[in-house]
Amino acid sequence: MIEQLFSNLAIFVLSLLVGVEVISKIPSTLHTPMMSGANAIHGVVIAGAIVTAALADSPTGYVLTFIAGVLAAANVFGGYVVTDRMLQMFSKPNATPVNTDTKDPS
Amino acid sequence: MSTFEFVVGVVYLAAATLFVVGLHLMRAPSTARRGNLISAGGMAVAVITTIVFAAISSGGTWIGWGVLLVGVSVGAVFGIVQARTVKMTAIPQLVSIFNAVGGGAAAAVAFASFVADTDSSALSLTVSIPIVLDVLIGSVTFAGSLIAAGKLQGIISGKPLTFPGARILNVLAALVAVGAGIWALFGPPNLTLLLVVLIASLVFGLLMVLPIGGADAPVIVSLLNAFTGLAVAMAGFAINNQALIIAGALVGAAGTILTLQMAKAMNRSVGAIVLGGFGTADSSGTAAGSPAEDLTNIRQLTADDVAIQLAYAQHVLIVPGYGLAAAQAQHEVAELAKLLISHGVDVKYAIHPVAGRMPGHMNVLLAEANVPYEQMLQLDDANAAFDNCDVALVVGANDVCNPDARTPGNAVSGMPILNADHAKSVVVIKRSMRPGYAGISNPLFTDPKTGMFFADAKKGLADITTAVKEYVTA
């Protein structure tokens, strides 16, 4: 048990350090998409909802599984889709007037 | 550790690598989209592995899996529909809502793991500590992010909201949450105590964000984003899942750095923001600055005046601000720029790091209106360009180009600004002389070389475009 805790703690601390390193200097242009992208990554909590579902064996457990499932899925699916929508607009470096896309009603 | 567990661990590491590579690629505009897709790939790997692992190692009941499937479908549909239909101007609110649900999900996972484990007598501290921390942090971000979203959306007043005793109540809520948490750790497993932690943390999150001014809300959203990362990591400890620990810690750290950079771009300290805002310290300044709508020293322009000035110019710099975002005038400004460019005028956008509703938001809005990335100048490049600029067209911006920032002793002192006043002439499109968020007057507006065109950004720009068209074709 205590060994497991130690290895988990080591993973935690090293991941923190990686997190600090990987985001050094970001141009302010990308602050909003970056925040949204990081937001999508913590949607990994959906894996927690899955584990919860497998452990649930009481009405309370089922209710909590449902709540966790709804919330986590909204986080992960919505997060990635909205980040992609934002970045899609950046990745057309020479937007020619030809492709004035009207597909987006907003 | 069985071979199976080993394989699961290795696959989790692969997913984590994809997250890191994805985040890394998101630092540059050209690779950012690929980065996000790679990160999504990592997510798919982590989720599939977890399904296989949970099904084989725990089994579970059909009801459990069915409930999960229904819940995930509901959440996914909600998330995807919102993400696809949201207006680009409302992005910050949506990110905040997605952040809130992430925190809520983490808290729910902690509760579920607590409920599932209570059957097996007392919980060991290695599990109960992360559970309590998860419920605490998760609930704070859930309540806080919803309030921040409400402020950004305008449902809740953007003004710092306080009431007598708010601070005391806030400290009290924090004490109750932490106290009940500690009690829950050392007593026998007790669901009621965990509920007390939940409610006290929700109250704390609420009271933490209510007194924060609307303009600071983006920084808070980013900070709460980092919190959610930590809550998710704690959930990982509680259920012994490395994917959650790695991804949660990654977001916790990356989100913190991002928050610091954002706050720096806005010339604000995170501590000052959390402790309750601009508004509280110089609320008297706000009151004194606002009513004086003195129009005597102001040169007012019509759409025709502005059109002639722009059509004759060689170099034009557009300074888009919050007013443009609020009026959703990004398409109108892009159309005007396109027309001027086709007429041989050099047009660029000078973008302040905090223009719009959160750092980088203006770039997203302009990108939506098909403005090429190269036309958007960042602060330093823009300031170099102002010296050689004939007309600076300020649309709905105020504090970000207030020359008073260069002199000490006022609310914007020291804030990095756009040197619009270095241009040969300045045109300001603004609805009124109302001061910006800092609540102070802007000497740029009374500068003799400045002309004011009082209009809503969307309508004003459309009128100017029409006038330029007539002028150019006539």
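First, a word on what this report is: a plain description of the structure on this page. (Residues numbered from 1 in each chain as written. Chains lettered and ligands numbered in written order. Predicted model: local features only at pLDDT ≥ 70, side-chain atom pairs only at ≥ 80, totals over all residues. Heavy atoms only, no water.)

Let us look at the overall build of chain A. For chain A, the helix and strand inventory stands at four helices and zero strands. For chain A, the residues scored as buried account for 57% of the 106 residues in total. Long-range contacts, defined as pairs at least 24 residues apart, comprise 68% of the intrachain contacts of chain A with a sequence gap of at least 6. (Helix = DSSP H or I, 4+ residues; strand = E, 2+ residues; numbered from the N terminus. Buried < 20%, exposed > 50% of the residue type's maximum accessible area, 1.4 Å probe, protein only. Contact = heavy atoms within 4.5 Å.)

What follows covers the sheet that holds strand 2 (residues 346-350) of chain B. Residue and element names in this part refer to chain B. An order of 3-2-1-4-5-6 is seen for the six strands of this open sheet, with the pairing classed as parallel. In this open sheet, the two strands that pair with only one neighbour each are strand 3 (376-377) and strand 6 (450-454). Relative to strand 3, strand 2 is paired through two bridges, and the arrangement is parallel. Note that in strand 3 the partner of Y349 across the bridge is M376. Across the sheet, helix 18 (residues 457-473) is in contact with strand 4 (391-395), strand 5 (425-430) and strand 6; its angle to strand 5 comes to roughly 130°. (Pairing = 2+ DSSP bridges. Axes fitted to C-alpha atoms, helices over the stretch in contact; angles between N-to-C directions.)

Attention now goes to the pairing of strand 6 of chain B. Residues and elements named next belong to chain B. Most of strand 6 sits inside the fold, with four of its five residues counted as buried. Two elements, strand 5 and strand 6, share five bridges in a ladder whose sense is parallel. Counted as the bridge partner of V428 is M452 from strand 6.

This paragraph deals with the packing of helix 2 (residues 31-41) of chain A against helix 8 (residues 217-239) of chain B. The interhelical angle for the contact between helix 2 of chain A and helix 8 of chain B, taken along N-to-C directions, is 30°, at an axis separation of 10 Å. Considered as vectors, helix 2 of chain A and helix 8 of chain B are oriented roughly parallel to each other. In this structure, helix 2 of chain A meets helix 8 of chain B at a crossing whose hand is left-handed. Where helix 2 of chain A approaches helix 8 of chain B, its residues M35, A38 and N39 of chain A are matched on the opposing element by P218, V221, S222 and N225 of chain B. (Parallel < 35°, antiparallel > 145°, perpendicular 65-115°, else oblique. Left-handed = near helix turned anticlockwise from the far one by under 90°.)

That is the geometry; function is a separate question.
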